[in-house]
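# Structural description and commentary
Take a look at the letters that make up each chain.
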Amino acid sequence: MADKNMLRAFDTSALDLTETHSASSLELPHTLTNERIRRRSELSRHRPLDSPPAVEPEAIELPVIREHSHAESSGPKKLDFHEDVSALPSTRDQDVEIAPSFPSSLAPSIRMEDLEDTGSTAPAISAAQKAVNRRKNAIHFATLCFTIFLNGWNDGTTGPLLPRIQSYYHLGYAVVSLLFIFNTIGYLSGAVANVWLTDKFGFGKVRSVLQIFAYGMMAPGGPFALMCLAFTLIGFGLSLQNSHANGFVASSRNHVSTKICVLHATYGFGALVAPLVSTYFAGQRHWSFHYMISGALYVLNTVVLWLVFRGKRQEEIKAEVDDLNLDPNAVDSNKYRQIFGIREVHFLSVFALIYVGTEVTIGGWSVTYVQEKRHGSANSGYISSGFFAGLMLGRLVLMWLNRKIGERRALFLYALLAIQLEVTVWVVPSLVENAIAVAFVGLLLGPMYPILMNHSTKILPRWLLTGCMGYIAGVGQAGSAVLPFITGLLASRFGIASLQPFIVSMMSTMIVIWALIPRVRHVPT
C-alpha cells in the first residue's frame with residue numbers, strides 16, 4: 001500500500017503535465033534509484049527549432065545514483081522495466097528530459113549514422129592503397145584497349161587484301177565470301193561457348209592463343225581451304241576477346257560510359273592502322289606475309305594478358321582492386337536459360353549484328369566498289385583507313401554530344417545523317433567525294449556501338465552482365481562476317497553496284513530495331 005501511495009504521489013507531482021517545473025525543482029523518488037538515469041542531452045535527439053538553448057548540463061545538479069544491494073534494500077522488489085518512468089515532458093523554458101538508460105541497440109533516439117559507424121566491420125582503405133588500386137585499374141583498362149585494338153586490326157586487314165586474295169586464288173565474289181562464312185561460324189561458336197569457358201577456365205586463358213595459330217597457318221599463303229579454317233579460329237578467338245573486354249569494362253563501378261567509348265575508339269585506331277600496312281602488302285609478291293605481323297602482335301598480346309591477369313577470374317581481379325560490383329539479387333541457376341530468356345538481349349544482339357556487319361562491309365567492300373565503279377587505283381585501300389579514322393574520332397569527339405542530347409536521340413540522329421551521306425556515295429560519281437563521304441559516315445557510325453554497350457548496362461541484370469555482353473558482342477562480331485558474305489552474293493549476282501543500296505537498307509533497319517529496344521530496365525537488378 002505504501003508503494004502505491006508513493007507512485008501516486010510521484011505521478012501527481014513530478015510528472016504533472018499541466019504544470020511547468022524547472023530542472024532544479026524536480027525531486028526524484030528513491031524508488032527509481034535502482035535504474036540508471038540519463039539527461040536528454042546525452043540522447044541523440046534533436047531539439048525543436050523554435051526552442052531556446054537548453055540549460056548547460058553543468059548547471060543541472062542531479063542526485064548521485066547508485067544501485068541498491070539486496071542488503072540495503074529493505075523495501076519491496078525492484079520495479080519492472082516496463083513500469084519505470086521513461087521521460088519527462090520538455091517545456092519551452094527548460095529543455096530537459098530524464099529517461100532510463102537504454103542499450104545502444106535499443107535506444108529509440110540513436111542516429112542511424114552512429115549505428116552504422118559502430119556496427120561496420122568493413123576495413124578502411126588507406127589513401128596509398130587507393131592509389132595502388134587506381135594504378136592497377138588503369139593497367140587493366142590499357143591491356144583491354146590493346147586487345148580491342150587488335151580486333152580492329154584484324155577487321156581492317158581484310159578489305160585491302162580482298163582483291164589480291166581473289167586474284168591469287170582466281171575466285172569470284174561468292175567463293176571468296178566463304179571466308180566471311182567461316183569467320184561467322186567462329187564468332188557464333190565463341191559467343192555461345194563464352195559463358196561456359198569463362199566459368200570453367202577463368203578470364204583470359206583461352207583468348208589470344210588461337211589467333212597465333214591461325215595467322216601462322218595463313219602466313220605461307222597455303223590453300224584457300226586452310227585460309228577458311230584459319231578464319232574460323234580467328235572468329236572464335238576474337239569473339240571471346242570482345243566478350244571479355246566489354247563485360248569487364250561494363251561491370252566497372254565508375255565512368256562506364258567514358259571507358260566504353262575509349263575502349264572502342266582503340267578498335268577504330270586498330271582498323272585505321274591495319275589498312276595502311278595491308279595496302280602495302282597487297283601490292284607485293286608475298287602478300288600473305290602481312291599475317292606474320294598480325295601473329296607477332298598476338299604473341300605480344302598473349303604475354304601481356306598473362307602478366308596482367310594471370311588467368312584469374314573476373315571477380316577475383318576486380319575484388320583485388322576494390323572494383324567488384326556485387327548484385328544482391330543475383331539468381332544462381334542456369335545462366336544460359338536466364339540470358340536467352342531476356343527479350344532485350346535478342347534486340348540488342350540483332351542491332352549489334354547489323355551494326356558491326358554494316359561497319360565491316362563499308363570498310364571492306366568500299367575498296368572494291370571504288371576500284372570498279374570510280375576507277376580507283378591500288379591506293380584506294382587508303383579509303384578504308386579514312387573510314388576507320390572517322391570511326392575512331394567519332395567515338396571520342398562526339399561523347400559530349402551524346403551527353404548533351406541523350407544517347408538514344410543521338411543514335412537516331414547519327415543514323416539518319418549517315419544514310420544521307422551513303423546515298424551521296426551511291427549517286428555521286430566522284431572518287432574524291434566518295435572518299436570524303438565514307439570518312440564522315442565512319443565518324444557518324446563510330447559512337448553507335450559504345451552507345452549500344454552502355455545502354456545494355458542500364459537495361460540488363462547486373463549478375464548476368466558479363467554473359468549478356470559476351471553474347472551480344474559475339475553475335476555482333478558474327479555480323480562482321482554475315483553481312484560481307486551477303487554483299488559478296490549480291491555482287492556476284494547484280495554487280496558491286498548493289499553495295500550502296502544494301503548498306504542504306506541495313507542502316508534503315510538499325511533505326512527500326514533501336515526504336516524497339518526499351519529505354520529503361522524491365523528486369524530485376
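What counts as what
- Residues numbered from 1 in each chain as written.
- Predicted model: local features only at pLDDT ≥ 70, side-chain atom pairs only at ≥ 80, totals over all residues.
- Heavy atoms only, no water.
- Helix = DSSP H or I, 4+ residues; strand = E, 2+ residues; numbered from the N terminus.
- Contact = heavy atoms within 4.5 Å.
- Areas by Shrake-Rupley, 256 points an atom, 1.4 Å probe, with all protein chains shown as cover.
- 1 Å grid on protein atoms, 1.4 Å probe; cavity = no way out; pocket = protein on both sides within 12 Å on 5 of 7 lines; lining within 4 Å.
- Points joined across faces, edges and corners; volume = space filled by probe spheres on them.
- Salt bridge = Lys/Arg side-chain N within 4 Å of Asp/Glu carboxyl O.
- Buried < 20%, exposed > 50% of the residue type's maximum accessible area, 1.4 Å probe, protein only.
- Expected span 1.5 Å × (residues − 1).
- Bend = angle between axes of the 7 residues up to and from the residue.
- Patch = residues over 30% accessible without salt bridge, like charges linked within 9 Å, V, L, I, M, F, W, Y side chains within 5 Å.
- Axes fitted to C-alpha atoms, helices over the stretch in contact; angles between N-to-C directions.
- Parallel < 35°, antiparallel > 145°, perpendicular 65-115°, else oblique.
- Left-handed = near helix turned anticlockwise from the far one by under 90°.
- pLDDT = per-residue confidence, 0-100.
- Phe/Tyr/Trp six-rings, centres within 6.5 Å; stacked < 30°, edge-to-face > 60°.

A few words on the overall build of the chain. From N to C terminus, the chain includes 19 helices and two strands. The contacts in the chain between residues at least 6 apart in sequence include a share of 83% that link residues at least 24 apart. Of the roughly 25,400 Å² of accessible surface on the chain, a fraction of 62% belongs to carbon and sulfur atoms.

Throughout the structure, instances matching the rule amount to 11 cavities of 30 Å³ or more. In this model, the second largest cavity occupies a volume close to 80 Å³. The wall of the second largest cavity is formed by I148, N151, N242, H264, Y267, Y355, V356, E359, R395, Y449 and Q477. For the lining of the second largest cavity, the secondary-structure elements that each account for two or more residues are α3 (127–169), α8 (256–282) and α12 (343–373).

So, on to the pattern of salt bridges. Under the criterion given, the structure shown has two salt bridges. For the salt bridge of R395 with E359, the shortest nitrogen-to-oxygen distance reads 3.4 Å. Here the residue R395 occupies a position in helix α13 (residues 381–397), and E359 occupies one in helix α12, the gap between them amounting to 36 residues. Residue class for E359 comes out buried when judged on its relative accessible area of 2%.

What follows is about helix α18 (residues 465–494). Taking 1.5 Å as the rise per residue, α18 with 30 residues should run 44 Å; its terminal C-alpha atoms sit 42 Å apart, in good agreement. In α18, a bend of some 25° at G479 exceeds every other bend along the element. Burial within α18 is extensive, with 22 of its 30 residues counted as buried. Once α18 finishes, G495 follows within two positions and takes phi at roughly 95°, a positive value.

Right, let's get into unusual backbone geometry. Its identity as a non-glycine residue notwithstanding, H170 has a phi of 55°, on the positive side. Owing to a relative accessible area of 71%, H170 belongs among the exposed residues under this scheme.

Topologically, N246 is positioned in helix α7 (residues 224–250). We classify N246 as buried; its relative accessible area is 1%. Each C-alpha atom, one on N246 and one on L144, is 8.8 Å from the other, the two residues being 102 residues apart in sequence. Once residues lying within four places of it in the same chain are set aside, the contact partners of N246 are L263, H264, Y449, M453, M469 and A473.

The subject of this paragraph is a nonpolar patch on the surface. Taken together, V299, V303, W306 and L307 make up a surface patch of nonpolar side chains, about 380 Å² in accessible area. Mapping L307 onto the fold places it in helix α9 (residues 290–309). Taking relative accessible area as the criterion, L307 reaches 53% and is therefore assigned exposed.

Direction vectors running N to C along helix α17 (residues 448–459) and α18 enclose 150°, while the axes themselves pass 10 Å from each other. Put simply, α17 runs roughly antiparallel to α18. Note that α17 runs across α18; the crossing there is right-handed. Two secondary-structure elements touch here, α17 through Y449, M453, S456 and T457 and α18 through L465, M469, I472 and A473.

Averaged over the chain, the pLDDT score is 75; the fraction of residues at 70 or greater is 71%. Element-level pLDDT for the chain is lowest in helix α2 (residues 112–119), with a mean of 41, against a maximum mean of 94 in helix α19 (residues 499–516). Predicted confidence for residues 30–47 stays below pLDDT 50, and this span has 54 contacts to residues more than four positions away or in other chains. Per-residue pLDDT stays below 50 along residues 67–122; that stretch engages in 80 contacts with residues further than four places along the chain or on separate chains.

It is worth spelling out the packing of aromatic side chains at this point. Applying the stated rule across the entire model yields 14 aromatic pairs. Seen from their ring centres, Y168 and Y169 are 4.9 Å apart, and the 90° between their planes marks the pair as edge-to-face. The interplanar angle of 45° and the centroid separation of 5.4 Å between the aromatic rings of F351 and W514 together place this pair among those described as tilted. Within this pair, whereas F351 is found in helix α12, its partner W514 is found in helix α19, the two being separated by 163 residues in sequence. With a relative accessible area of 0%, F351 lands in the buried category. By relative accessible area, W514 is classed as buried at 0%. Through pairs of rings, three or more aromatic residues link up here, namely Y168, Y169, F224 and W287.

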